[in-house]
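Inside the fold
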Amino acid sequence: MKRKTQKTALVVEGGGMRSVFSAGVLHAFGAQGFDPFDLYIGVSAGACNLASHLAGQNDRNWDIIATYSSTPNFISAKKFLRGGHYMDLDWLWDVTMREYRLDLSRLFTKLRREKREYIVVATSAETGSALYLKPDAGTLEHFLKVSSSLPILYRNMLETGSEKATDGGIADSIPVIEARRRGAADITVIRSRPADYVKKGSSLTPLFSLIFREHTRLVGALKNRHVTYMEAVRFIQNPPKGVRVREIAPPPNTGVGRTTRDMDFLRALYQIGIVHGNEFIAHYKAKSS
């Protein structure tokens with residue numbers, strides 16, 4: 001393999017249970033020891049998948065999906081209708097930190113030793129802008145929860161320091177432009193949507209204005225989410241001169257949505273992710289040799 005001369009980045013999109021695809025891709029990366037990246041940026045469930053990958057816990061993402069995330073303890077319409085969370089991050093974080101915690105020491109030793117950077121994306125409730133959070137061992141787990149706290153489906157508003165914040169996908173669902181801003185010229189993106197997916201405005205816009213009336217700029221970001229999403233897609237499809245973007249995306253019609261709990265669909269998409277990950281590695285090595 002040729003010596004790397006450009007800064008490389010790995011960007012992982014969120015998407016709730018759709019991120020089982022990126023879990024599969026990252027499993028393939030970990031199994032083959034494939035890690036040519038200098039910068040990692042993850043959003044929501046994508047950031048969580050990246051954390052397990054960087055910690056060397058190659059089975060953790062699938063195990064958490066199969067054991068915890070796919071159960072009614074986490075995703076429950078009944079719980080939501082009774083005033084609780086549709087996606088109960090409080091329960092999920094408590095149980096996984098107790099029973100299957102990240103290896104924080106290994107994760108941050110790797111980043112420090114290899115001089116690599118890991119960023120978790122959240123959205124400021126005050127400004128509606130993206131927050132690019134650089135975690136340490138004391139803040140990572142909380143930052144991951146903030147990044148994953150999708151409004152409405154999770155009723156609480158969390159904080160990063162003194163600033164209220166929420167799901168990173170609102171302000172920057174696919175932070176490829178941020179990766180470029182940080183100097184990356186060779187960017188790999190793991191999507192949770194098919195490559196040809198076109199995001200449209202939400203029918204829930206009036207509800208956003210009602211629920212988040214105290215956070216008008218956040219409402220603006222929610223209303224504008226499809227615009228910023230498609231800006232990132234256009235960057236992927238037509239990167240600026242001197243920038244290379246490699247995309248790993250799931251096929252259409254996988255049967256998996258943000259709150260899917262069907263294990264047959266989830267397992268199938270996870271396996272598809274592993275296949276795509278292995279194919280990407282083979283192609284990457286062939287092009288770099």
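See the structure above.
This write-up is about the structure you can find in this document. In this text the structure is predicted, and so the values were computed from the model without any measurement.

**Details of the packing of aromatic side chains**
- Considering all chains together, one arrives at 12 aromatic pairs under this definition.
- Between the aromatic rings of Phe 29 and Phe 37, the centroid separation amounts to 6.3 Å while the plane-to-plane angle is 25°, which identifies the pairing as stacked. The pair formed by Phe 29 and Phe 37 is uniform in burial state, with each residue classed as buried.
- Ring plane angle 65° and centroid distance 5.8 Å describe the contact between Phe 80 and Tyr 86, whose orientation is recorded as edge-to-face.
- Given a relative accessible area of 22%, Tyr 86 falls into the partly exposed group.
- Among the aromatic residues, ring-to-ring pairing joins Phe 29, Phe 34, Phe 37, Tyr 40, Phe 280 and Tyr 284 into one connected group.
- Above the face of the Tyr 229 ring, Lys 199 is positioned so that its terminal group lies 5.5 Å from the ring centre.

**Overview of a nonpolar patch on the surface**
- Where nonpolar side chains cluster on the molecular surface, the patch consists of Leu 204, Leu 207, Leu 210 and Ile 211 and spans about 340 Å² of accessible area.
- Turning to its location among the elements, Leu 207 is positioned in helix 9 (residues 205-211).

**Digging into the pairing of strand 2 (residues 39-43)**
- Counting buried positions along strand 2 yields 5 of 5 residues, so the element is predominantly enclosed.
- Alternating residues of strand 2 divide into Leu 39, Ile 41 and Val 43 and Tyr 40 and Gly 42, and every residue in both groups is buried.
- Relative to strand 2, strand 1 (residues 8-12) runs parallel, the two sharing 4 bridges. What sits directly across from Val 11, in strand 2, is Ile 41.
- Viewed along the sheet, the connection from strand 1 through helix 1 (residues 20-32) into strand 2 turns out right-handed.
- Note that strand 2 and strand 3 (residues 117-124) share 5 bridges and pair parallel. From the neighbouring strand, Val 43 faces strand 3, where its bridge partner is Val 121.

**Observations regarding the side chain of Gln 57**
- Relative to the helices and strands, Gln 57 resides in the loop between helix 2 (45-54) and helix 3 (60-69).
- Its relative accessible area of 17% is what places Gln 57 among the buried residues.
- If we ignore the near neighbours within four places in the chain, the residues touching Gln 57 are Ser 52, Tyr 100, Arg 101, Leu 102 and Asp 103.

**Describing the environment of Ala 66**
- In this fold, Ala 66 is placed in helix 3.
- In this structure, the C-alpha to C-alpha distance between Ala 66 and Arg 261, residues 195 residues apart in sequence, is 9.1 Å.

**Re unusual backbone geometry**
- Of note in this structure, Ile 152 is not a glycine but carries a positive phi near 80°.
- Topologically, Ile 152 is positioned in the loop between helix 7 (140-148) and strand 5 (158-160).
- Unusually for a residue other than glycine, Asn 253 sits at a positive phi of about 55°.
- If you trace the backbone, Asn 253 turns up in the loop between strand 8 (244-248) and helix 12 (263-288).

**Quick word on the packing of helix 2 against helix 7**
- Where helix 2 meets helix 7, the axes come as close as 8 Å, and the angle between the chain directions of the two elements is 150°. Considering the angle they form, helix 2 stands roughly antiparallel to helix 7. Residues Ala 45, Ala 47, Cys 48 and Ala 51 of helix 2 form the contact with helix 7, whose participating residues are Leu 140, Leu 144 and Ser 148.
- Considering only residue class, the contact of helix 2 with helix 7 consists of 6 nonpolar, 1 polar and no charged.

**What about the environment of His 283?**
- Relative to the elements of secondary structure, His 283 occurs in helix 12.
- Spatially, the C-alpha atoms of His 283 and His 53 are 21 Å apart, while their sequence positions differ by 230 residues.

**Concerning the pairing of strand 7 (residues 186-190)**
- For strand 7, a buried count of 5 out of 5 residues is recorded, marking the element as mostly surrounded by other parts of the structure.
- Bridge count between strand 1 and strand 7: 5 bridges; the pairing is parallel. Along strand 7, the bridge assignment pairs Thr 8 with Asp 186.
- In terms of strand pairing, strand 7 meets strand 8 through 5 bridges, oriented parallel. Bridging across to strand 8, Ile 190 finds its partner in Ile 248.

**Quick notes on the packing of helix 1 against helix 2**
- Their axes nearest at 10 Å, the elements helix 1 and helix 2 cross at an angle of 15°. By the angle class used here, helix 1 and helix 2 are roughly parallel. Here the hand of the crossing between helix 1 and helix 2 comes out right-handed. Facing Ser 22, Ala 23, Leu 26, Phe 29 and Gly 30 of helix 1, the residues of helix 2 in contact are Asn 49, Leu 50 and His 53.

About the criteria used
- All residue numbers refer to positions counted from 1 along the written sequence of the respective chain.
- Two thresholds apply to this predicted model, a pLDDT of at least 70 for residue-level local features and 80 or more for giving and counting side-chain atom pairs, whereas whole-chain, interface and lining totals are computed over all residues.
- Side-chain numbers here rest on the full set of heavy atoms in the structure, without hydrogens or water.
- Note on ring pairs: Phe, Tyr and Trp rings are taken, using the six-membered ring of Trp, and paired if centres are within 6.5 Å. Classes follow the plane angle, with under 30 degrees stacked, over 60 edge-to-face and the rest tilted.
- Each residue is placed in one exposure class: buried if its accessible area under a 1.4 Å probe, protein chains only, is under 20% of its type's maximum, exposed if it is over 50%, and partly exposed if it falls in between.
- The rule is short: NZ of Lys or CZ of Arg within 6 Å of the ring centre and within 35 degrees of the ring normal puts a charge over the ring.
- What makes a patch is a set of residues exposed beyond 30% relative accessible area and free of salt bridges, joined within 9 Å when like-charged and within 5 Å when nonpolar (Val, Leu, Ile, Met, Phe, Trp, Tyr).
- Values of accessible area rely on a 1.4 Å probe in the Shrake-Rupley scheme; residue burial ignores everything except the protein chains shown.
- In the sections that follow, a salt bridge refers to a side-chain nitrogen of Lys or Arg positioned within 4 Å of a carboxyl oxygen of Asp or Glu.
- Strands here are runs of E lasting at least two residues and helices are runs of H or I lasting at least four, both read from the DSSP assignment and numbered beginning at the N terminus.
- Pairs of strands are assigned from DSSP output, requiring at least two bridges between the strands.
- The handedness of a crossover follows from its direction of travel: if, with the strands pointing away from the viewer, the path from the first strand over the helix to the second runs clockwise, the crossover is right-handed.
- By the convention used here, residues are in contact when the closest approach between their heavy atoms is within 4.5 Å.
- Here an angle of 0 to 180 degrees is reported between the N-to-C directions of two axes, which are lines fitted to C-alpha atoms, with helices fitted over the stretch in contact.
- Roughly parallel means an angle under 35 degrees; roughly antiparallel, over 145; roughly perpendicular, 65 to 115; everything else is oblique.
- Classification used: nonpolar for Ala, Val, Leu, Ile, Met, Phe, Trp, Tyr, Cys and Pro, charged for Asp, Glu, Lys and Arg, polar for all others including Gly.
- Take the far helix as the reference: if the near one is turned anticlockwise from it by less than a right angle, the crossing is left-handed, and if turned clockwise, right-handed.

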